[in-house]
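A structural walkthrough
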Amino acid sequence: SVQGQPRRRVTAVRALGQTIKTGTVVNCTGAWANAITDMVGLQIPLRAMKHAYIVTESIKGVHPGLPNLRDHDLSIYFKIQGDSLALGGYEQNPEFWPNVDPGFHFGLFDLDWDTFNQNLEGHIKRCPLIENVGIKSTVCGPESFTPDHKPLIGPDVELRGFVHCCGFNSMGMMLGGGVGREVAAWVTQGAPNVDLFSMDVARFHPDCPRDASWIEDRTHESYAKTYSIVFPHDEPLAGRMVRKSALYETLLEQGCVYQNRQGFERPGWFAPGVDTKCKDYDFYAAYEDKISGLERTVRPKHDEHVYHELIEAECTFGWGKNVDLVEQECLAARTGVAVFDQSYFGKFFLEGPEAMKAADWLCTARMDSSREIGSVAYTALCNARGGVQADLTVTKLAEDKFYMAAGGTTSTHDRRWISGELEKSGFQATLRDASDDYCMLSIQGPYSRTLLSDLVDISLEDESIPFSTCRHAKLAGHDLMILRLTFVGELGFELHVPSQSAVPVYQAIMKAGEALTESKGVKVANAGYRAIDSMSAEKSYRHWHADLSNAETPLEAGIGFVALAKLKTETPFLGREALVKQREEGLSRKLVCLTVDGEGRPETPLHGSETMWRDGECVGFVRSTAFGFSSNLQIAYGYVDTPGGKPLKPKQIDEWLAAGKWHIGDKLTQRPSTYRPKCVFDPLNKRVKGDYPPEVLA
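Notes on the structure in this doc start here. Because the structure is predicted, anything quoted here is derived from the model rather than measured.

Pairing is mixed in the open sheet, where three strands are placed in the order 4-13-11. In this open sheet, the two edge strands, each paired with only one partner strand, are strand 4 (25–27) and strand 11 (152–155). Across the sheet, the mean angle separating the axes of adjacent strands is 20° when strand polarity is ignored. Judged from the three bridges that link them, strand 4 and strand 13 (residues 162–166) form a sheet pairing that is parallel. Opposite Val26, over in strand 13, you have Val163 as the bridge partner.

Dropping the structure here:
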């Protein structure tokens, strides 16, 4: 059960006076999808819009052999249709269709030329002869759009047996076949065969679609930016501040530049002394009065928007203007103390008389009576094929109570998976979502123990709180849990604090930090996820959906240690059979780390999807990448295929990888690279243990 109550489930469909018993319904109704979800009391982030194109009369020289054309600057396209052109685009002022008519089918709307003229002006600018060509026909129909221009597919989070397959954003013909195949696998096998998280309905937290304005604002922005260049560090301006931690305002005062993930405001980096608040969405001044199709008045255009300017400064494939600030945050973590607000993490309690059995079945790590109370385990949660459905930390608080902390971006996805498997297994255990009840402050760096020791009522020495353990404590009079963990490769402590206590706890920490700086010259600073991305890459720490997914096993992802102890026993767990078989047969693909040769920032960083080459043969693609400010290296991770896809034993595949000459293919250039079998920073993990060279603690 979830929150102590069984999830609702589909049992039948009633139509035309008949009842059809079924445990599964797939919603494939496009612009009408909300009408179906309304029947079962669900909200999804989807809105219907009027989308159009026109077809010209015959044009001399146009023939089917010509290519189609997009102009991303003008947000328009030209498609060949015999000896005519189909002209369309994505205007900045689209018209919503809020009251979707259930009886409207196989029909068209009259074209609103005032709206479409924005596209037509672009067509004429790009191809002047269009101005004097006749119009043969117009096509304006309903289309469904979503807040990030990607489909909504997969099982619903709240209603068991209800599966989404809608919101294709004018890409239904292109995506329909592959998505249909994977949704079928999802329904029949419990998981898709490929990583579809970017389309999974669970990428949105349930709080977001409950807010109509959030859906409309975000859907407008994604529609208007359909042809915009997708920069690595771009952020939406629409739909902000729907979800935020108790520390939001406090960190904003410190110059926090927030990123938006799952509707949650998480720290990206800090620009001290700058007004970094993201202002209410003004629709880029696309509408003069009211939003077309909606009874909403348009907000005036912002005369000044510093947050927008900060993000625009990062919209480049080179180095953003704020990269030096990120480097300073990394320096604080490596030489002093960095304070990270990771409150957007999902936080769950698995409770009940069979909680231990449930945890032991779900997790690759051992969760049985052999695990001590107070221990913390990093573990994978696998599907029947051995694919990693989630990776998270699990703290054993009691024989019948476990605390799970999951990455914020995937927390809704992880909750759905865990609750679904609990229901299938029948264990007497309840999953309680406490994500909003706790904040999570991660204190990392060589002086983290020094800073915290005088603030808490317990000892933080190794014998009292070894690595990967949890202790209950008080800080500034407030109860909290301290987990000795790190995701940046330093001596560190995660403070899981009741939300109502987060601000005074943070203030006490920063006050102690000021004293530490004054007395010892130690750098103590706020830090964000851009710094985490850099330092975690240096330590070969995995990010789900980037370095591993439901399509990869722990063995392929290089984290086989999460299952090794259990595989040496006869203990059953989800995915065991697949992992045993893979260990016996060997691996035909493996995640590897490459670094671009040469120290220092390259002229342009990597961004992902570059090709990975061994001895002149392309063997894979870059899945994730970051620049390591501590190692001074451009780091890339990706899965590479063995020769001919033949399975190799661990020693064989390691020898094959080490024997090759590597480079990364990037925009038609070859960037010589080095294979790294171990992490590039502190490979012996001395710093995690608090073992620092004298000069660091001087």
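The phi dihedral of Leu16 is positive, around 55°, even though this residue is not glycine. You can call Leu16 exposed: its relative accessible area is 88%. In the Ramachandran plot, Ser75 falls in the positive-phi region, its phi being about 60° despite a non-glycine side chain. Here Ser75 shows up in the loop between strand 6 (69–71) and strand 7 (76–81).

Let us look at the packing of helix 7 (residues 323–335) against helix 12 (residues 529–538). What describes two packed helices is the angle between their axes and the distance between those same axes. Contact geometry for helix 7 and helix 12: axes closest at 8 Å, N-to-C directions at 55°. Taken together, helix 7 and helix 12 sit at an angle that is classed as oblique. Crossing of helix 7 over helix 12 shows right-handed handedness. Contact with helix 7, carried on its side by Val326, Glu329, Cys330, Ala333 and Arg334, involves Arg530, Ala531, Ser534, Met535 and Glu538 of helix 12 and no other residues of that element.

Here the focus is the nonpolar core. Of all hydrophobic cores here, the largest spans 44 residues; its most connected members are Val257, Tyr287, Ile291, Phe340 and Met535. Of all the secondary structure elements, the ones that give two or more residues to this core are strand 15 (264–270), helix 6 (306–312), helix 7, strand 16 (337–341) and helix 12. Leaving out residues up to four positions away in the same chain, Ile291 has contacts with Phe96, Phe283, Arg296 and Val298. With 39 residues, the next largest nonpolar core counts Phe270, Leu475, Ile509 and Ala512 among its residues.

Moving on, we get to the sheet that holds strand 25 (residues 492–498). Across a sheet, strands are paired by hydrogen bonds formed along the backbone, either parallel or antiparallel in direction. Pairing is mixed across the open sheet formed by six strands, whose spatial order is 23-24-25-22-16-26. Of all the strands in the sheet, just strand 23 (470–475) and strand 26 (524–527) have a single pairing partner and so form its edges. On average, each strand axis in the sheet is tilted by 25° relative to the strand beside it, whichever way the strands run. Strand direction decides the pairing type here: strand 16 and strand 22 (residues 438–444), joined by four bridges, are antiparallel. Across the sheet, residue Val339 finds its bridge partner in strand 22, namely Ile443. This element, helix 7, spans strand 16, strand 22 and strand 26 of the sheet and lies at about 115° to strand 16.

Looking at the element boundaries, Asp156 is found in the loop between strand 11 and strand 12 (159–160). Buried within the structure, Asp156 lacks any salt-bridge partner; Arg8 is the closest side chain of opposite charge, at an N-O distance of 6.2 Å. Within polar-contact distance, the side chain of Asp156 engages the backbone nitrogen of Glu158 at 2.8 Å. Sequence-distant contacts of Asp156, defined by excluding residues within four places in its chain, comprise Arg7, Leu42, Phe162, His164 and Arg416.

In this structure the tally under the stated criterion is 26 aromatic pairs. Judged by centre distance (5.0 Å) and plane angle (40°), the ring pair of Phe349 and Tyr403 falls under tilted. One end of the pair, Phe349, is in strand 17 (residues 346–351); the other, Tyr403, is in strand 20 (residues 401–406), and 54 residues separate them in sequence. For the pair formed by Phe349 and Tyr403, the shared burial category is buried.

Side-chain pairs of opposite charge can arise where the charged atoms are in close proximity. On inspection of all chains with the given rule, the structure shows 39 salt bridges. Here Asp462 ties to Arg484 by a salt bridge, and the two come within 2.7 Å at their closest N and O atoms. Of the two residues, Asp462 is situated in the loop between helix 10 (448–453) and strand 23 and Arg484 in the loop between strand 24 (478–483) and strand 25; the sequence distance between them amounts to 22 residues. Residue classification places Arg484 among the buried residues on the basis of a relative accessible area of 2%. Across the pair Arg623 and Glu552 runs a salt bridge, and its minimum N-O distance is 3.1 Å. With Arg623 in strand 29 (residues 617–628) and Glu552 in the loop between helix 12 and helix 13 (561–567), this pair connects stretches of sequence that are 71 residues apart.

Our next topic: a negative patch on the surface. A cluster of acidic residues, Asp275, Asp303, Glu304 and Glu309, forms a negative patch on the protein surface. Residue placement: Glu304 occurs in the loop between strand 15 and helix 6.

Calculation rules
- Residues numbered from 1 in each chain as written.
- Predicted model: local features only at pLDDT ≥ 70, side-chain atom pairs only at ≥ 80, totals over all residues.
- Heavy atoms only, no water.
- Pairing = 2+ DSSP bridges.
- Helix = DSSP H or I, 4+ residues; strand = E, 2+ residues; numbered from the N terminus.
- Axes fitted to C-alpha atoms, helices over the stretch in contact; angles between N-to-C directions.
- Buried < 20%, exposed > 50% of the residue type's maximum accessible area, 1.4 Å probe, protein only.
- Parallel < 35°, antiparallel > 145°, perpendicular 65-115°, else oblique.
- Left-handed = near helix turned anticlockwise from the far one by under 90°.
- Contact = heavy atoms within 4.5 Å.
- Core = buried A, V, L, I, M, F, W, Y, C linked by side-chain atoms within 4.5 Å.
- Lys, Arg positive; Asp, Glu negative; His and termini not counted.
- Salt bridge = Lys/Arg side-chain N within 4 Å of Asp/Glu carboxyl O.
- Polar contact = N/O pair within 3.5 Å; in protein donor to acceptor, adjacent residues only side chain to side chain.
- Phe/Tyr/Trp six-rings, centres within 6.5 Å; stacked < 30°, edge-to-face > 60°.
- Patch = residues over 30% accessible without salt bridge, like charges linked within 9 Å, V, L, I, M, F, W, Y side chains within 5 Å.
- Areas by Shrake-Rupley, 256 points an atom, 1.4 Å probe, with all protein chains shown as cover.
- Charge placed at Lys NZ, Arg CZ, Asp CG, Glu CD.

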